[in-house]
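Each chain is listed here by its residues.
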Amino acid sequence: MSVSGTPLTAAPLKRPQLLLPVHGGPDGGPAIAHDFSTNANPLGPPPALWQAVLAADRRRYPDPSYRALRERLGAAHDLPPARVLPASGGAEAIRRLSLAALLQGSREVWVPNPGFGDYALAAQALGLAVRPYADSDALIYGLREPALVWICEPCNPSGASLSREELQRIARAAARCGAVLAVDRAYEPLRLQGRAAELPPGCWQLHCPNKALGLTGVRAAYLLAPAEDAWWARLLSLAPSWVLAAEGEALLQHWHHSSTLEWLDCSRRQLRDWSAALQQQLARLGWTQQPSVTPFWLARPPGGLPMDLRSRGIKLREAASLGRPGWWRIAAQPPDSQQALLQALQAKAKDLA
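Residues numbered from 1 in each chain as written. Predicted model: local features only at pLDDT ≥ 70, side-chain atom pairs only at ≥ 80, totals over all residues. Heavy atoms only, no water.

A. Structural detail: the overall build of the protein. Counting its regular elements, the protein contains eleven helices and 15 strands. For 353 residues, the compact-globule formula gives about 20 Å, and the C-alpha radius of gyration of the protein, at 22 Å, lands near that figure. If you line up the protein on its principal axes, its C-alpha atoms span 70 × 70 × 50 Å. Per-residue burial over the protein gives 47% buried out of 353 residues. Long-range contacts, defined here as pairs at least 24 residues apart, represent 74% of the contacts in the protein between residues at least 6 apart. Carbon and sulfur atoms make up 54% of the accessible area of the protein, which amounts to about 17000 Å² in all. Both charge centroids of the protein, one from 37 positive and one from 29 negative side chains, sit 4 Å from each other. (Helix = DSSP H or I, 4+ residues; strand = E, 2+ residues; numbered from the N terminus. Rg over C-alpha atoms; globule rule 2.2 N^0.38 Å. Buried < 20%, exposed > 50% of the residue type's maximum accessible area, 1.4 Å probe, protein only. Contact = heavy atoms within 4.5 Å. Areas by Shrake-Rupley, 256 points an atom, 1.4 Å probe, with all protein chains shown as cover. Lys, Arg positive; Asp, Glu negative; His and termini not counted. Charge placed at Lys NZ, Arg CZ, Asp CG, Glu CD.)

Below is the structure:
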């Protein structure tokens, strides 16, 4: 077939550019014996909670409304059960809240830089404009229209934390332009220094306990809605059926149990010691390190990393995809893993001497 004598040919299809997330943990390479790349608590899981997960009844569907779970979590947070929205992990909650933002009329998403890459990836997948911000002032002075604003408190990958005054200023700036705040609190249970600042009213909250419990393979999280409003209704409507499997429901049911809270308190004490020990050793080797309130932090080696770390079963998290090229996110690990890392770094230092 032709028009004006010109043959018609099909235009070649362009393959869309795929934006793939980068994560710590397993990567398809050699087995990892000493994993400094993940924020998961290396001391987990707590025994009683782990037994509850193993005993979860996988033969039957969970209650699709998760009524008992929502009542338990609501009581722990002093909220009505209706305002608790279970999610199959933090990544699913981020995607769902981003889609709700689009459907509610937002056209941009503000994300911390450095910060978890899934905030931006979820926005980009929906065609939303991504606005990175380096600090609270950049966010406050940049907000001009309705948007979804992500705050990670404490922040991944830096371990930095905002003050109550900063959070209040951000909330006032968001209120002026109709922006919605979403606070990712995945790392609050791993806070090793100071106390959490009180969040201003009106924030969405995302809780992902599996990192603090050392159970990242169990996908379970929940959102706390600030009100039963249009956004809340939209999030409910976007949830897939049976968003949590049986083991995820069991994990969240035991998240606020006294035995879990006691175990977390003990693990934080151990993680403080391991973090301090590793930071001291890296400082002796000339690493630049940023302050952090968590057992992970950003660090930069003086002359690059040994290329054979992965072949030795050691993995660190390169922070370029998190917004900090040239830096690495380091997470506290047990003494044997620290020794393996330090031996590899010292061998490189001798080679360069």
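B. Looking closely at empty space enclosed by the protein. For the structure on display, the rule yields one cavity of 30 Å³ or more. One number sums up the size of the largest cavity: a volume of about 60 Å³. Lining the largest cavity are Thr38, Asn39, Ala40, Asn41, Pro42, Leu190, Leu271, Pro295, Phe296, Ala331 and Ala332. Here the residues of the lining of the largest cavity are counted per class, giving eight nonpolar, three polar and no charged. (1 Å grid on protein atoms, 1.4 Å probe; cavity = no way out; pocket = protein on both sides within 12 Å on 5 of 7 lines; lining within 4 Å. Points joined across faces, edges and corners; volume = space filled by probe spheres on them. Nonpolar A, V, L, I, M, F, W, Y, C, P; charged D, E, K, R; others polar.)

C. Up close: helix H3 (residues 90-103). Taking 1.5 Å of rise per residue, 14 residues should cover 20 Å, and H3 covers 20 Å from first to last C-alpha, within 8% of that figure. The set of residues buried in H3 consists of Gly90, Glu92, Ala93, Ile94, Arg96, Leu97, Ser98, Ala100 and Ala101. Where H3 ends, the next residue or the one after it, glycine 105, has phi of about 105°, a positive value. (Expected span 1.5 Å × (residues − 1).)

D. Focus on the nonpolar core. If you look at the biggest cluster of nonpolar residues, it comprises 74 residues, and the most contacted ones within it are Trp150, Trp204, Leu251, Leu316 and Ile330. Here this core takes six residues from helix H10 (residues 258-284), the largest share from any one element. In contact with isoleucine 330, not counting residues within four places along its chain, are Phe36, Leu278, Leu282, Trp287, Pro295, Phe296, Trp297, Ala299 and Leu316. Within the second largest apolar cluster, 20 residues are counted, among which are Leu139, Cys177, Ala179 and Ala197. (Core = buried A, V, L, I, M, F, W, Y, C linked by side-chain atoms within 4.5 Å.)

E. View of the pairing of strand S10 (residues 221-224). Here S10 shows no split at all, with Ala221 and Leu223 on one side and Tyr222 and Leu224 on the other all buried. Where strand S4 (residues 84-87) lies against S10, four bridges are found, and the strand directions are antiparallel. Counterpart to proline 86 in the pairing with S10 is tyrosine 222. Relative to S10, strand S9 (residues 204-207) runs antiparallel, the two being bridged by three bridges. (Pairing = 2+ DSSP bridges.)

F. Spatial organisation of the packing of H3 against helix H8 (residues 230-238). At a minimum axis separation of 9 Å, H3 and H8 run at an interaxial angle of 125°. Put simply, H3 runs oblique to H8. Here the hand of the crossing between H3 and H8 comes out right-handed. Of the residues in H8, those touching H3 at Arg96, Leu97, Leu99, Ala100, Ala101 and Leu103 are Trp231, Arg234, Leu235 and Leu238. For the contact of H3 with H8, the class distribution of residues is eight nonpolar, no polar and two charged. (Axes fitted to C-alpha atoms, helices over the stretch in contact; angles between N-to-C directions. Parallel < 35°, antiparallel > 145°, perpendicular 65-115°, else oblique. Left-handed = near helix turned anticlockwise from the far one by under 90°.)

G. A look at the sheet that holds strand S14 (residues 317-318). Spatially, S11-S12-S15-S14 is the arrangement adopted by the four strands of the open sheet, whose pairing is antiparallel. In this open sheet, the two edge strands, each paired with only one partner strand, are strand S11 (288-289) and S14. Pairing of S14 with strand S15 (residues 328-331), which is carried by two bridges, proceeds in the antiparallel orientation. Paired with arginine 317 across the bridge in S15 is arginine 329. Contacts between H10 and the sheet are confined to S11, strand S12 (296-300) and S15, with S12 contributing the most and set at about 5° to the helix.

H. Layout of the pattern of salt bridges. Counted according to the given criterion, the structure contains 14 salt bridges. Between arginine 169 and aspartate 137 there is a salt bridge whose closest N-O contact spans 3.1 Å. With arginine 169 in helix H6 (residues 164-177) and aspartate 137 in helix H5 (residues 136-142), this residue pair connects regions lying 32 residues apart in the sequence. Here aspartate 137 falls in the partly exposed class, since its relative accessible area comes to 35%. Among the salt bridges present, the one from arginine 191 reaches glutamate 188, with a minimum N-O distance of 2.6 Å. With relative accessibility at 7%, the residue arginine 191 sits in the buried group. (Salt bridge = Lys/Arg side-chain N within 4 Å of Asp/Glu carboxyl O.)

I. Representation of the environment of glycine 248 within the structure. With respect to the helices, strands and loops of the structure, glycine 248 is situated in helix H9 (residues 246-253). The exposure class assigned to glycine 248 is buried, which follows from its relative accessible area of 2%. With 132 residues separating them along the chain, glycine 248 and phenylalanine 116 place their C-alpha atoms 22 Å apart.

J. Examining unusual backbone geometry more closely. Along the chain, asparagine 113 connects to proline 114 via a cis peptide bond; the corresponding omega equals 10°. Mapping proline 114 onto the fold places it in the loop between strand S5 (108-112) and helix H4 (117-125). In the segment running from glutamate 153 into proline 154, the intervening peptide bond is cis, with an omega of -5°. Of note, proline 154 is situated in the loop between strand S7 (148-152) and H6. Of note in the backbone geometry, tyrosine 66 takes a positive phi value of approximately 50° without being a glycine.

Function cannot be inferred from these measures alone, as they are strictly geometric.
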